[in-house]
Each structure stands twice: as structure tokens, then as C-alpha cells.
Amino acid sequence: MDFVEQLKSSIDIVKVAGEYVRLRRIGATGRYLGLCPFHQEKTPSFNVNQTRQFYKCFGCGAGGDVLKFVMEVDGLTFPETLKLLSERHGIPMPQRPEYSDSDSRLRGALHDMHAIAATLYRNALSGPHGAEARAYLDQRGVSADLIEAFELGFSDPQGQAFRGRLMFPIHNESGKVIAFGARAMHADEQPKYLNSPETPIYRKTSTLYNLNRARDAMRKANRAVLVEGYMDVIGVYAAGIKEVVASCGTALTNTQVRALHRHADTVVVNFDPDDAGANAAERAIQLLLDEGLHVKVLAFGGGAGDATNEKLDPYEYVRRFGPDAYRAQLDGASGYFHWLADRARAKFDMRGADGRMDAFKFLLPAVQKISDKLERAAVASDLAGYLGVEPGLVLDQLKRAATDRHAPGQVGVRAVASPSSNGAPQVQVPAVERILLNALLSSEATREQIFPQLPAELTASFVSLEVINALRQMAEAGPVHFAALDARLSEPGRALLHDIVSADEISDEGECLAQAEACLQGLKTSFERRRMEEMRARIRTAEREGNLTEALRWMTELQRVEEEVKRDA
Ligand SMILES: [Zn+2]
């Protein structure tokens with residue numbers, strides 16, 4: 001067997017992809033679904049098929065076998081991918097020229113260089129020149145275990161690049177050293193931090209410090225703690241919170257946010273309490289919300305809603321109050337909204353109407369970005385409390401903004417064109433179907449009430465017939481999971497479902513039922529109207545043909561339906 005085939009046959013794509021993407025099994029067919037690592041999405045469309053050993057994203061079209069997956073997700077060349085997988089799975093790789101090219105050789109050399117440098121820095125820290133650095137770490141409370149765990153080192157004062165600095169190796173997600181962060185140990189040394197320049201193996205904007213160690217814990221806890229600096233990571237890690245990462249030497253980027261989302265749904269932002277930290281946190285919150293993550297903020301900034309009376313970064317907090325206190329603070333971290341509201345208060349004069357309106361405008365985008373309806377409703381009510389206005393007023397504003405965005409039609413009257421992302425012909429989903437389906441998808445109580453009252457004849461002409469039928473079947477069998485529903489549909493059905501869901505308006509549980517009932521009534525009325533029209537046409541035909549028996553039969557039937565409609569109204 002060819003080496004490539006041998007390699008592929010001895011590894012499982014579900015296991016490999018599962019290290020980068022949280023995959024959920026769908027049914028018993030060997031299919032898995034998760035959030036795509038190659039494009040930004042909130043509902044999973046990344047499919048992995050175990051039987052056929054391939055992946056396919058219905059969102060961006062990415063797809064292929066396990067080798068292509070690793071190449072793309074890790075940004076490796078084909079030979080590098082073979083090398084990585086063969087090393088990881090203990091399959092000896094033949095030394096043949098076709099398994100290496102100049103690009104791979106360069107990157108291989110860079111990896112080797114970094115591994116060697118990391119060893120040299122570590123040796124220097126434990127050697128005679130490292131005495132001052134050891135004393136510095138000791139005085140800052142970094143134990144020998146932590147020095148070992150984070151592979152900390154020291155750069156020789158006589159060296160060329162980094163001189164007399166504390167060295168933090170930066171790893172890629174697979175755990176290879178790709179760069180270094182270098183911290184000055186004296187206040188007069190500037191800058192405080194220096195980073196390796198970008199190389200073919202190191203891109204600042206897509207690297208998160210400590211992700212290689214944190215990712216398993218992130219999945220387990222379904223949470224990530226995002227801090228600013230290397231020392232913060234080490235401090236939080238020392239407090240027993242392994243799911244901690246930092247975006248070092250750069251403002252948080254979309255790529256980094258996506259990397260977080262591949263492993264967890266909640267992110268706790270714990271930045272420095274100074275102005276720069278607060279501004280960075282403000283920006284990070286918006287990016288995290290855009291990605292559909294749940295966001296919490298922990299602040300030790302001495303502010304009204306803050307956990308301490310003085311300004312402390314996460315590292316200092318753990319040092320001062322200990323691991324238990326930090327863990328308790330983390331578990332009790334409040335939603336980002338309270339933190340943002342404090343920012344708004346500091347920025348705007350909340351005594352005047354203008355100031356409060358400005359604060360409202362400042363906070364509104366963050367509220368609108370929350371994809372979870374119940375959470376959004378709760379935050380909207382908090383927002384009202386902060387502004388000292390009626391919750392109804394805030395909800396009205398939110399709805400108006402949502403209406404402006406989606407421009408939905410009235411029930412049963414207007415149709416909304418569904419955007420077609422993949423060049424498929426555009427399908428019009430009538431508003432009544434869209435609203436009914438959203439209500440049914442959002443609320444179990446609504447499904448329980450509405451489905452028994454919704455005869456198949458009322459939905460027979462639905463554009464989204466496949467979607468509503470699949471939903472009905474699932475609801476009758478047990479709990480409904482979006483991913484499972486998604487997986488049941490054909491490709492056009494799935495496209496419709498995504499369009500329907502993305503055109504969703506704000507509604508809470510109570511509203512769902514009311515909306516669904518209104519839709520049901522609308523469907524019944526138009527169905528009866530159509531039926532009566534049909535009967536009148538038959539009566540006219542029968543009269544024209546002189547078939548009195550037939551005409552009378554239809555007239556009796558029409559009368560019966562008219563009475564029925566009158567009774568229901
Ligand atoms: Zn995708």
C-alpha cells in the first residue's frame with residue numbers, strides 16, 4: 001500500500017478533526033456536526049462523515065479528506081502534514097524526495113531552530129547567568145513547577161537578539177514552539193515586552209498564547225478565560241484554571257476568536273484594569289459577541305461593579321488573594337453588560353436625557369448581537385434598569401432596530417426573498433411560514449400546542465414543507481435539537497432553514513405561542529377561503545353544464561363550510 005493510503009487508513013478523521021472542532025454525533029450513521037473552523041458561523045454546518053472519512057462544510061464549501069483538513073486548519077504543506085500525522089500516530093515515514101519540498105524544508109528548519117533555542121534559553125535560566133532571572137521569578141511567585149510547565153527561559157545578556165530577558169516560548173495549537181515573547185526584568189528597560197517577528201511558521205494574528213495547553217480544559221469547562229499577558233496566563237493557570245489564553249502582542253482578531261469558539265461557547269474576559277486594557281476589552285467583547293459567544297467580564301479595577309477596590313491584573317489578583325478567591329471570582333463573573341454599562345456611565349452624563357440616550361446608543365449594538373433570545377431579553381431588561389426607563393421602551397427600540405434590519409412583511413401578505421449564498425436559485429419564503437417556523441423552533445411549549453392543531457393540509461403548499469415536516473417528526477419523537485434537524489434536511493432544505501432562522505425577529509417564549517397562533521389562524525382563514533373559491537367555481541361549472549345535482553351538492557357543501565368558518569370566527 002502506498003504510504004499516504006496507509007497513513008489515511010490508520011487514522012480517523014473524526015478523532016483528528018475533533019481535536020480542533022467540537023463535534024456532535026448525529027444519529028447512528030457515523031455523521032458528526034460542528035462549527036466550521038474555516039469560516040465564521042453561529043449554527044454548525046461543518047459535517048464530518050466517519051464512514052466515508054471526509055469533511056464537508058455546507059456554509060463555505062470547504063471539504064476533503066483528513067490530510068486536506070490538517071493542511072488547511074494548521075496551515076501546513078502536504079509533506080508537513082504527512083510528517084505531523086505520521087509522528088503523532090507512530091507510523092514511520094519513508095524518506096523520499098516527494099515527501100519534502102523547499103517550503104516544508106524551510107519551515108522544518110524554523111521549527112528545529114525554535115526547539116533548539118527554547119532548550120538553550122531554558123538551560124540559561126538554570127545556569128550561572130540565570131541567577132538574577134531566577135530571583136526575579138521567585139520574587140514574583142513563579143514556582144519551579146510553573147517554570148517547567150511553561151518552559152520558561154532566559155536570554156543570555158551577551159546574545160544578539162533578545163538580551164537579558166525572560167523568555168516565554170509561544171507554541172502553535174499542536175504544541176510546537178513557533179516564536180518567543182521576551183520580557184524585560186528592569187523597569188527602565190523598554191519596551192517591556194518584545195516578540196519574535198512573523199515568520200512562515202508564526203502569524204501573530206492567528207496565534208493564542210497557551211492554546212496548546214488550554215484547549216482540552218476549554219472543551220471540558222466549555223469556557224475560556226481571555227487575559228492580556230503571559231504572566232496573567234501563568235497566574236491564572238497556577239490558580240488551577242487551565243483554560244486560559246492570551247492574544248499576545250496584538251489586539252484580538254477574528255481568527256483568534258474563531259479559534260476560541262472551536263473549543264468553548266463562553267469566554268470570560270479578564271483584562272488589565274488600566275485604560276488601554278478597558279479599551280481592548282470593549283473591542284474584544286464586540287468581536288466575541290459577533291462570533292456568537294457568551295461573554296462575561298471579570299474586572300479588578302476598583303470600579304462600582306468590580307471585584308476589588310484597587311486596580312489589579314489577573315496575575316496580581318491571584319498573587320494577592322490566592323487561587324480559591326480567583327476561582328470564586330471567575331465562577332461569579334457577571335455578563336459583559338454590567339461592565340459595559342459602567343463604561344457608559346463613566347463616558348456619558350447619565351443625569352441628562354441626552355447623556356442617557358448616548359449611553360443607550362453605546363450599549364444597544366452589544367445587546368443586539370446576542371443571538372440567544374432569552375439572554376437578549378434579560379439583558380434588555382437590565383439595560384432598562386440602568387437607564388431608568390421602562391423595559392418595554394427598550395424592547396420597542398430593539399424591535400424597531402430589528403425590523404429595520406429585516407424588513408419583515410405582515411403575516412401571510414409579504415414574502416421575503418431568501419439570500420442565496422451558493423448561487424442556488426432564490427426561493428421566496430412567505431412571512432407566515434418564516435414566523436411560524438421560528439416560533440416552533442424556539443419554543444417547546446409552542447410545538448406542543450400548535451402541531452396537534454396544524455393539519456397537514458394547511459402546510460401542504462409550504463415552500464418550506466420539508467423543514468416543517470422534519471420538525472414535526474422530531475417534535476413527536478422527543479426533544480428538538482437544531483443540529484439534528486439541520487442534519488436531517490436535504491441541501492435546499494437546509495439552506496431554507498438557515499435563511500428562515502437568520503431572518504428571525506426578537507420574541508420571548510410567550511410571544512412565540514402568540515405568533516404561532518396568529519399564523520395558524522391566518523393559514524386556516526386563507527385555506528378556507530381557497531376552499532370556498534374552489535366550490536363556487538365548481539357550482540358555476542355544474543350550472544353551466546346543467547348538472548343540477550352536482551351544483552346542489554357543492555352548494556350544500558359550501559354552506560356547511562361557511563357555517564364552520566362563521567362558528568370559528
Ligand atoms: Zn465553513
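Scroll up a little and you will see the structure.
Residues numbered from 1 in each chain as written. Predicted model: local features only at pLDDT ≥ 70, side-chain atom pairs only at ≥ 80, totals over all residues. Heavy atoms only, no water.

### Observations concerning the sheet that holds strand β14 (residues 334-335)
Note the cut-off: By definition, two strands form a pair when at least two bridges between them are found by DSSP. Helix numbering and strand numbering both begin at the N terminus, where a helix is a DSSP run of H or I of at least 4 residues and a strand a DSSP run of E of at least 2. For this analysis, residues touch if any pair of their heavy atoms sits within 4.5 Å. Axis lines are fitted through C-alpha atoms, for helices just across the contact stretch, and the angle between N-to-C directions can take any value from 0 to 180 degrees.
A sheet is described by the order of its strands in space; here five strands give the open sequence β11-β10-β12-β13-β14, paired in mixed fashion. Edge positions in the open sheet fall to β11 (244-246) and β14, since each of these has one partner strand only. Judged from the four bridges that link them, strand β10 (residues 223-227) and strand β12 (residues 266-269) form a sheet pairing that is parallel. Bridging across to β12, V225 finds its partner in V268. Lying over the sheet, helix α8 (residues 211-221) contacts β10 and β11, oriented at roughly 135° with respect to β11. The strands touched by helix α12 (residues 314-331) are β10 and β12; relative to β10, the strand with the most contacts, the crossing angle is about 155°.

### Description of the environment of N195
Definition in use: Per-residue accessibility, obtained with a 1.4 Å probe over protein chains only, is compared with the maximum for each type, and a residue is labelled buried under 20%, exposed over 50%, and partly exposed between these values.
By the secondary structure assignment, N195 is in strand β9 (residues 193-195). Residue N195 is classed as buried on the basis of its relative accessible area of 19%. Taking C-alpha positions, N195 is 24 Å from A144, a pair spaced 51 residues apart along the chain. Once residues within four sequence positions are removed from consideration, N195 is found in contact with F162, I170, F180, G181, Y202, K204, Y230, C248 and G249.

### Quick look at the pairing of β12
Along any regular strand the residues' side chains alternate between the sheet's two faces. Heads up, the rule is: The crossover handedness rule: strands pointing away from the viewer, path from first strand over the helix to second strand clockwise, crossover right-handed.
Of the two faces of β12, the one lined by T266 and V268 and the one lined by V267 and V269 are each fully buried. In this sheet, strand β13 (residues 294-297) lies alongside β12 in parallel orientation, the contact comprising four bridges. The partner of V269 across the bridge, within β13, is V297. Handedness of the β-α-β unit built from β12, helix α11 (residues 275-290) and β13 comes out right-handed.

### Description of helix α17 (residues 431-442)
Here is the rule we go by: Multiplying 1.5 Å by the helix residue count minus one yields the expected span of that helix.
Between its first and last C-alpha, α17 extends 16 Å over 12 residues, near the 16 Å set by a 1.5 Å rise per residue. A large share of α17 lies buried, amounting to 11 of its 12 residues. The set of residues buried in α17 consists of A431, V432, E433, R434, I435, L436, L437, N438, A439, L440 and L441.

### What to know about the coordination of the zinc ion
Basically, it comes down to this: Sites may look incomplete because water is not among the atoms; the donors themselves are N, O and S atoms within 2.8 Å of the metal, or within 3.2 Å for Na, K and Ca. Here a site with four donors is tetrahedral if all angles are between 85 and 135 degrees, and a site with four or six donors is square planar or octahedral if opposite donors are over 155 degrees apart and the other angles are between 65 and 115; anything else gets the irregular label.
Within the protein, the zinc ion binds to C36 (SG), H39 (ND1), C57 (SG) and C60 (SG); these donor distances fall in the range 2.0 to 2.3 Å. For the zinc ion, the four donor atoms in the first shell make angles of 104 to 117° at the metal, a pattern classed as tetrahedral. Coordination of the zinc ion draws on donor residues from a single chain, spaced C-x2-H-x17-C-x2-C in sequence. The class for C57 is buried, based on a relative accessible area of 1%. The class of C60 is partly exposed, set by a relative accessible area of 36%.

### Here's the deal with the packing of aromatic side chains
The condition is simple: Each Phe, Tyr or Trp ring (for Trp, its six-membered ring) is paired with any other whose centre lies within 6.5 Å, and the angle between the two planes then decides the class: stacked below 30 degrees, edge-to-face above 60, tilted in between. Our definition puts a charge over a ring when NZ of Lys or CZ of Arg is within 6 Å of the ring centre and also within 35 degrees of the ring normal.
With the rule as written, the count across this model stands at 18 aromatic pairs. Summarising the aromatic geometry, the rings of F150 and Y237 are spaced 4.8 Å apart at their centres and angled 80° between planes, so their arrangement reads as edge-to-face. Of this pair, F150 sits in the loop between α7 (144-149) and β6 (153-154) while Y237 sits in helix α9 (residues 230-238), and the two are 87 residues apart along the sequence. Y237 shares its class with F150; the two are buried. In textbook terms, an aromatic cluster arises when at least three aromatic residues are bridged by ring pairs, as seen for F150, F168, Y193, Y209, Y230 and Y237. The ring of Y237 carries the charged tip of K242 above its face, separated from the ring centre by 4.3 Å.

### So, unusual backbone geometry
A cis amide bond links Q190 to the next residue, P191, at an omega of -10°. Examined against the element boundaries, P191 turns out to sit in the loop between β8 (177-183) and β9. We note that N210 has phi near 80°; this positive angle belongs to a residue other than glycine. Along the chain, the position of N210 falls in the loop between β9 and α8. On the basis of relative accessibility, which here comes to 1%, the residue N210 falls in the buried class. The backbone phi angle of N222 is positive, close to 50°, even though this residue is not glycine. Within the fold, N222 resides in the loop between α8 and β10. Exposure remark for N222: the relative accessible area of 29% places this residue in the partly exposed category.

### Some thoughts on the sheet that holds strand β4 (residues 54-57)
Spatial ordering of the open sheet is given by β1-β2-β3-β4-β5, a layout of five strands whose pairing is antiparallel. Looking at strand neighbours, the two that pair on one side only are β1 (24-26) and β5 (63-64), the edges of this open sheet. Sheet topology places β4 next to β5; two bridges connect them, and they run antiparallel. Each residue of the ladder has a partner; that of K56, found in β5, is G63.

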